[in-house]
Amino acid sequence: MEHAFFVAQTSEPCYNNAEFFTNRGEHVLKIAFVDDEQKCLDEMDRLCASFGKSVGYPVETAAFQSGETFLEAFDRDDFDLVFMDIYMEGMDGIAAALEMRRQNTGCLLVFLTSSKEFMPDAFSCHAFEYITKPFTKERIFDVLADAVKVLPQEQKYIALTAGRRSVRIFLDEIASAITDAHYLDIRLKNGERLRCRMTMPEFMEKTGGDTRFLPINKGITVNAEHILEFENNCCIMESGEKFPVRVRESAKIQQMVRDYHFVKIRERQTLSAGHSVPTGFSGRRCEKEG
């Protein structure tokens, strides 16, 4: 049983500008908390709800005061993320996690504890993260942001206003965004175009700083997923469209595309291995176009 679990954080994590949504019919982030301290359960529930609200990501939570009661529910429920205390009366968190892994190797597991002595045992359970108590709001938000990042990207979409209508567009469908005076010409992979009154930095904030969107020239951002090739200082998209690339940064931009695809391959390998190592995004803040 542990009592010191939360430290007040005066600075707010910068996630409130990221407007993430998911198709509620396809996926909701389901989180379980396992801790024999009710105050910790209440605080984690509050923080996860706050995170979900701040980024527009639907979250469902369930709290358990013992490893035994959690495992009973785990047989019936399919959780995406589990926050597990290590020191508990009865079955400890390591034993509960090992039993959980026998049933499910894909669920993300985060240990919460006031001691680092069990860290080797924790990662033998393929832990996604290890948080020491007392923890901060920022630390919890960073871990939740990491968890969201390894979910399938096709489920993420943003809300845009084009003309007088509001639309929600999957990030995967956006091929490019081009600045046009006070507007953005957002081009979708199916050829459709949306004219939205916003700046490029505002667009990047809406995507949560998603790394697949790369600025290749002043006022031109493209989706790395839809780049076909580079030729003669031009970026050629799968649609056949060509965009000029900053000549001085052409090699750097091409390397960024290669790095993006390399990271995606590594993430897929990590997911297939049961999320044993957290990779990539670490609560990265929104970056504005330079």
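All of the points below concern the structure found in this document. What you see is a predicted model; the values in this text were computed from it and never measured. (Residues numbered from 1 in each chain as written. Predicted model: local features only at pLDDT ≥ 70, side-chain atom pairs only at ≥ 80, totals over all residues. Heavy atoms only, no water.)

With respect to the sheet that holds strand S6 (residues 129-132)
Pairing within the open sheet is parallel, and its five strands lie in the order S3-S2-S4-S5-S6. With partners counted over all chains shown, the strands left at the sheet margins are strand S3 (59-64) and S6, one partner each. Within the sheet, the average angular offset between the axes of one strand and its neighbour, ignoring direction, is 20 degrees. Strand direction decides the pairing type here: strand S2 (residues 29-34) and S3, joined by six bridges, are parallel. Within the sheet, the bridge partner assigned to Leu-29 lies in S3 and is Val-59. In the packing of helix H5 (residues 137-149) onto the sheet, the strands contacted are S2, strand S4 (81-85), strand S5 (108-113) and S6, and the crossing angle to S6 comes to about 170 degrees. (Pairing = 2+ DSSP bridges. Helix = DSSP H or I, 4+ residues; strand = E, 2+ residues; numbered from the N terminus. Axes fitted to C-alpha atoms, helices over the stretch in contact; angles between N-to-C directions. Contact = heavy atoms within 4.5 Å.)

Observations regarding empty space enclosed by the protein
Following the criterion strictly, the structure yields three cavities of 30 Å³ or more and no others. In this structure, the second largest cavity occupies an estimated 40 Å³ of space. Considering the residues around the second largest cavity, the lining is formed by Phe-33, Val-34, Asp-35, Cys-40, Leu-41, Met-44, Phe-83, Met-84, Asp-85 and Leu-112. Of all elements in the fold, only S2, helix H1 (38-55) and S4 reach the threshold of two or more residues within the lining of the second largest cavity. (1 Å grid on protein atoms, 1.4 Å probe; cavity = no way out; pocket = protein on both sides within 12 Å on 5 of 7 lines; lining within 4 Å. Points joined across faces, edges and corners; volume = space filled by probe spheres on them.)

Topic: the pairing of S2
Here S2 lies mainly inside the structure; five of its six residues are buried. Once you follow S2 into H1 and on to S3, the crossover reads as right-handed. By the bridge criterion, four bridges tie S2 to S4 in an arrangement that is parallel. Along S4, the bridge assignment pairs Val-34 with Met-84. (Buried < 20%, exposed > 50% of the residue type's maximum accessible area, 1.4 Å probe, protein only. Right-handed = clockwise from strand over helix to strand, strands pointing away.)

Quick notes on the packing of H1 against H5
One can describe the packing of H1 onto H5 by two numbers: an axis separation of 10 Å at closest approach and a directional angle of 55 degrees. With respect to each other, H1 and H5 are oriented oblique. Between H1 and H5 the crossing geometry is right-handed. Contacts between H1 and H5 involve Met-44, Leu-47, Cys-48, Ser-50, Phe-51 and Ser-54 from the former and Lys-137, Ile-140, Phe-141, Leu-144, Ala-145 and Val-148 from the latter. Looking at the contact of H1 with H5, its residues break down into nine nonpolar, two polar and one charged. (Parallel < 35°, antiparallel > 145°, perpendicular 65-115°, else oblique. Left-handed = near helix turned anticlockwise from the far one by under 90°. Nonpolar A, V, L, I, M, F, W, Y, C, P; charged D, E, K, R; others polar.)

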